[in-house]
Amino acid sequence: MMNDLGVYVHIPFCEKRCHYCDFTALVARDDEIDRYLEALAKELLGFQSLLSERLITTLYVGGGTPSRLSLSQTEKLLQLLEPYTGKLREFTIEANPESVTADKVGLWADYGVDRVSLGLQSSDAGWLKTLGRIHSAERVDEAVGLVRERIDSINLDLIYGLSPGDQTYLRSLDAILSLAPQHVSIYELEVYEHRPLAGMLTELVDSDESFEQFHRLRRKLEAAGFHRYEVSNFSLPGYEAKHNRRYWDRADTLGVGLGAHSLIGRRRFNNTTELPRYLAGDYIEQSESLSSDDILIECLMLGLRQLKGINYRDLLREHPQRSDLIDQYIQRQVALDRLELSGNVLRPTRIGLDLLDTVVLDFLSLL
Ligand code: SF4
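Residues numbered from 1 in each chain as written. Predicted model: local features only at pLDDT ≥ 70, side-chain atom pairs only at ≥ 80, totals over all residues. Heavy atoms only, no water.

## As for the overall build of the protein
Logical step 1: The secondary structure content of the protein amounts to 15 helices and 15 strands.
Logical step 2: For the protein, the C-alpha atoms occupy an extent of roughly 55 × 55 × 40 Å along the three principal directions.
Logical step 3: Classification of the 367 residues of the protein by burial places 53% in the buried group.
Logical step 4: Contacts in the protein between residues at least 24 apart in sequence constitute 70% of all its contacts with a sequence separation of at least 6.
Logical step 5: Accessible surface, the protein: about 16,400 Å² in total, of which carbon and sulfur atoms supply 49%.
Logical step 6: Put simply, the protein has 41 plus and 56 minus side-chain charges, and the middle of one group is 2 Å from the middle of the other. (Helix = DSSP H or I, 4+ residues; strand = E, 2+ residues; numbered from the N terminus. Buried < 20%, exposed > 50% of the residue type's maximum accessible area, 1.4 Å probe, protein only. Contact = heavy atoms within 4.5 Å. Areas by Shrake-Rupley, 256 points an atom, 1.4 Å probe, with all protein chains shown as cover. Lys, Arg positive; Asp, Glu negative; His and termini not counted. Charge placed at Lys NZ, Arg CZ, Asp CG, Glu CD.)

## Observations concerning the site of the ligand
Logical step 1: Taken together, the neighbourhood of the ligand is formed by C14, K16, R17, C18, Y20, C21, F23, A25, G64, T65, N96 and R133.
Logical step 2: Partitioned by chemical class, the residues of the shell around the ligand number six nonpolar, three polar and three charged. (Near = heavy atom within 4 Å. Nonpolar A, V, L, I, M, F, W, Y, C, P; charged D, E, K, R; others polar.)

## Details of the pairing of strand 6 (residues 183-188)
Logical step 1: Sheet topology note: the strand 5 (residues 153-160)/strand 6 ladder contains six bridges and is parallel. Looking at strand 6, one finds that D157 is bridged to S185.
Logical step 2: Examined bridge by bridge, strand 6 and strand 8 (residues 233-235) share three bridges and lie antiparallel to one another. Bridge pairing in strand 8 links V184 to F234. (Pairing = 2+ DSSP bridges.)

## So, the domain arrangement of the protein
Logical step 1: In terms of domain boundaries, the protein breaks down into domain 1 (4-247) and domain 2 (309-367).
Logical step 2: Taking only C-alpha atoms, the centre of domain 1 and the centre of domain 2 are 31 Å apart.
Logical step 3: Listed per partner, the contact involves six residues of domain 1 and four residues of domain 2.
Logical step 4: Surface buried jointly by domain 1 and domain 2 totals about 450 Å² across both partners, of which 53% is contributed by carbon and sulfur atoms.
Logical step 5: On inspection of domain 1 and its partner domain 2, the count reaches two salt bridges.
Logical step 6: We note a salt bridge from E222 to R350, for which the minimum N-O separation is 3.5 Å.
Logical step 7: Here domain 1 is connected to domain 2 by two residue pairs in polar contact (both at pLDDT 80 or more).
Logical step 8: At four residues, helix 8 (residues 207-223) tops the list of elements feeding residues into the side of domain 1 that touches domain 2. (Domains from an automatic or database assignment. Buried area = accessible area lost by both parts, 1.4 Å probe. Salt bridge = Lys/Arg side-chain N within 4 Å of Asp/Glu carboxyl O. Polar contact = N/O pair within 3.5 Å; in protein donor to acceptor, adjacent residues only side chain to side chain.)

## Here's the deal with the environment of I11
Logical step 1: Following the sequence through the fold, I11 ends up in strand 1 (residues 4-11).
Logical step 2: Each residue touching I11, except ones within four places of it in the same chain, is listed here: Y36, L37, L40, V61, G62, G63, G64, T65, P66, L69 and L77.

## Let's talk about a nonpolar patch on the surface
Logical step 1: There is a patch of nonpolar side chains on the surface, built from L361, L364 and L367 and spanning about 250 Å² of accessible area.
Logical step 2: Mapped onto the elements of the fold, L364 is located in helix 15 (residues 356-366). (Patch = residues over 30% accessible without salt bridge, like charges linked within 9 Å, V, L, I, M, F, W, Y side chains within 5 Å.)

## A few points about the nonpolar core
One recurring pattern in soluble globular proteins: nonpolar side chains tend to sit buried together.
Logical step 1: Membership of the largest hydrophobic core comes to 65 residues, with the highest contact counts inside it found for V9, I11 and W108.
Logical step 2: Among the elements that take part in this core, helix 1 (residues 30-46) stands out by supplying six residues, more than any other.
Logical step 3: With sequence-adjacent residues up to four places away left out, V9 is seen in contact with L40, L59, Y60, V61, G62, L77, L81 and V256.
Logical step 4: Within the second largest apolar cluster, 23 residues are counted, among which are L290, L300, Y329 and L339. (Core = buried A, V, L, I, M, F, W, Y, C linked by side-chain atoms within 4.5 Å.)

## Describing helix 13 (residues 323-335)
Logical step 1: The end-to-end C-alpha separation of helix 13 is 18 Å, in line with the 18 Å expected for 13 residues at 1.5 Å each.
Logical step 2: Buried residues of helix 13: L325, I326, Y329, I330 and Q333, and no others. Down the axis of helix 13, the sector holding all buried residues measures 130 degrees, keeping them to one side. For helix 13, the exposed residues lying more than 90 degrees away from the buried face are D324, Q331 and A335.
Logical step 3: Residues of helix 13 that are buried make contact with helix 11 (292-303), helix 12 (312-318), strand 14 (339-342), strand 15 (345-348) and helix 15. (Expected span 1.5 Å × (residues − 1). Arc of directions from axis to C-beta.)

This is the structure we're talking about:
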């Protein structure tokens, strides 16, 4: 059987840089975006043999803001990706509400996009302004309506941990639930010293309040029928994000575009985040071959983010040199009620999911 592959395509352009953003995102002119799409085509060409020998099952166009592309740029991108869409099990595009139009949604659907991930973040006008988002809550409703005309499966993102005592995040979740998405991702606000938001907030949320806010959101989502299948991700049954699961399962994924990351076999590599270099065809920034211990650490760090956990027997089979250590570690985490071992499945408990960093650090301390 052909090995499968997920493909990630990064579109780094945004209308305006949000005040908190630390992603590979930039504001660019239309002619720069045109040149970027040409560079992307050349980069894909360089992976022709890999792409033709694998079964491509997921395609994810992320950003930045892929919906920032004009209609003709959107069509150019989708034409570029069309050869890889024949056997897809999921084709996601990220979008921001302000740039979703009926024409773009029509193109996405015509080329097989079957899932749209929309950045709602907050439904509070004041917070949207502070975060530097350029859409309004009303525009979110409109964008969801436009997407639903052609594409059923929708993820909405929400940010919590905005300020101490803030309650707007709960109203934002109500707004999300009223739009009936199948998937919700909730992220804690990260405030970076070098981003403008750091100078705009007078007080930050402490870890206890952040924990409390997260679990209020979790309880509301669970009451609405969503299940937490990964640290920050909730879905209705059957709507878990297939492409994102590949990252947590360490399944092969090729990333193309500015700053994109790839894992192919034992090799991890990532692209430059400098646009001029990328446009000049100098794509790859860093590449490394993972050691057996690197792979083991990644298996725990990524696999245990998911409630479905990882296969204990496979872990021992693939890392025989560390089997004693793995057993010692698991016994300790089970005793602490952070992990549970049921048959061959090693999974985090609810406590373990909340303490995942500590759970992984404990393993590192044994190495
Ligand atoms: S829309 Fe997303 S990627 Fe773009 S600037 Fe805002 S946070 Fe960054």
